[in-house]
Structures are given as structure tokens and as C-alpha cells.
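These are the residues of each chain, in order.
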Amino acid sequence: MAFSPQSNTALLSKSAALAAALLLIAGCAQKMGAGASSDAKPAVTKVAADLVPLATLAPGVKQDMRYVTKHNFMGRPIAGYEAGVCWLSRPAAESLAGVQKELTSHGLALKVFDCYRPQAAVDDFVRWGRDMGDQLNKDMYYPRVPKSELFKRGYIAEKSGHSRASTVDMTLQVIDAKRASKLVRGPLANGIEVDMGTPFDMFDEQSHTDNAKQSPDVQHNRRWLRTLMQRNGWKNLPEEWWHYTLVSEPYPEQYFNVPVRSN
């Protein structure tokens, strides 16, 4: 069918109007996006920056990486962990090397349970937290907290400082009980962990660093560890005696999602 000049003109006018409308909509969308960006969650970074295996800088730190095993609150290996090794940002690893150097002269060693944690692992935590049918290890890890309240109480979250690669979960291990007894208290024997009152990852108020119901020895040991870490530039999460973040972390707004591998 042939079009007359008038119909072509009308069609061009409609096309121009439509194009203008689309440009207006696009402009509004950009403005909306710009306005919403301040509330957006930090993007997940798939390519890690300068992350290093802790063992290369601090071989004296003991590693008991729980999430690659069944020995954790979920009772199974966690997504994102392909090897039981501690990776951290270089500044965090260098700082822990300094902490370990100080501890060695006192007959003690750091022992880490978790370091850099991929976002895939955090997502696995979230899926587990929403599955009310899976309460395999409730008696051991959250005996007094209903699983339905783990999110509300902050034990499970969609983002974790661990994914920024400068947070560690740790305790102290005895290397020389005689020397260690001058600084920490409770049962001490070579090779055992210093008494901190609760297991790592116990979701309970008893795990709060300053929980007053703990024995005087446990309270002393928790405070001693916190003082040591603060002196070396780390801050403690008050709800978890084992959780420390480097104050001057190099990637405060980045969340990495590279699997934990051996190399």
C-alpha cells in the first residue's frame, strides 16, 4: 500500500512525539536511579583484590576452618568453601602476623575459624536460616534461641563483614602452658584452646564478649584477647567474643564472591 505525503507527515509527527516521550521516560528513570543509589546495597565484587593466604605471612597462626567441614551450626560444608584455608586482605594478614609474633613469646597462638567469607556462603546461611525444617544442630549452637528469630536477633544477615576480607573469627591456643599461665586463666595444657566459655558460633547471649554470667577466668580471657587485638588495630563485635574486624580495612564497601581455594 502506498502512503500519501499527508499520511507520511502524520506518521513522522507521531514518531517524533513517541521518541520525545521515550527520551522523557529515560530521563526520569536516570533521575530515579540517581536518587535511589544512596540507599542501594554495596555491589558484590566477583574478582578479589589483593587477598593473600594467611599462612604465607603468619605460619604460626593455627587454622581450623569450620565452614569447609560438617563441624558448624549448619552441620554440612558451606557453599563457597572449596578448601580449608584462611584468606585475608594483605593489611589484615600482615596485622595478624604481628599479633602472632607477640603471642609466640607468651606461649600462645592465634587460632582462626573463619576469615574471608564469599558472598555465596552468606547466601547459603540465609537460605538455611529461612528453612525452619532444618534444625540439625540446634542443641549445640542455638539451644535457647528459636530459629525463627535468628535474623531478628542479628545472628544471620544478608551481608557479612567477612566478605570484605578483613574480618576473622578466632580464639587462642596454648603452645607453652607454663608461659601462657602468666597471662590467661583456667585449664591450660599444650595444644588446647584457652577457655572462652562458649563454643565458636554459639548463638546466645553467653557469647557476648562482656557477658557477666561467665566465670571470672572466662571474663578475664575474653578481655585479654580484646585488649591484645585492639592494641593491634582491630575492633571486636560485642555480641561475639571471637569476631574481630581490622579498623582500617582496605575494602570497607566491597563484598567479594570468589570461592575459598587452596591457591
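Look up: the structure comes first, before these words.
This one's a predicted model, so the numbers in the text were calculated from it and none came from an experiment. (Residues numbered from 1 in each chain as written. Predicted model: local features only at pLDDT ≥ 70, side-chain atom pairs only at ≥ 80, totals over all residues. Heavy atoms only, no water.)

Chemist: Could you give an account of the nonpolar core, naming the residues involved and the relevant values?
Modeler: If you look at the biggest cluster of nonpolar residues, it comprises 59 residues, and the most contacted ones within it are F73, L88, L96, M170 and L172. Residues within four places of M170 in sequence aside, it is in contact with L96, L110, K111, V112, F113, L225, M229, W241, W242 and Y244. (Core = buried A, V, L, I, M, F, W, Y, C linked by side-chain atoms within 4.5 Å. Buried < 20%, exposed > 50% of the residue type's maximum accessible area, 1.4 Å probe, protein only. Contact = heavy atoms within 4.5 Å.)

Chemist: How would you explain the pattern of salt bridges if you had to name every residue and give the values?
Modeler: According to the stated counting rule, one finds 15 salt bridges in the structure shown. A salt bridge links R261 to E82; the nearest nitrogen and oxygen atoms lie 2.9 Å apart. Of this pair, R261 sits in the segment after β9 (255-256) while E82 sits in the loop between β3 (62-63) and β4 (87-89), and the two are 179 residues apart along the sequence. Using a relative accessible area of 39% as the deciding quantity, one classes R261 as partly exposed. A salt bridge links D204 to R144; its shortest N-O distance comes to 2.7 Å. Of this pair, D204 sits in the loop between α6 (177-180) and α7 (216-231) while R144 is found in the loop between α5 (138-141) and β6 (167-174), placing the two residues 60 residues apart along the sequence. Taking relative accessible area as the criterion, R144 reaches 55% and is therefore assigned exposed. Salt bridges sharing partners connect three or more residues here, namely R76, D124 and R127. (Salt bridge = Lys/Arg side-chain N within 4 Å of Asp/Glu carboxyl O. Helix = DSSP H or I, 4+ residues; strand = E, 2+ residues; numbered from the N terminus.)

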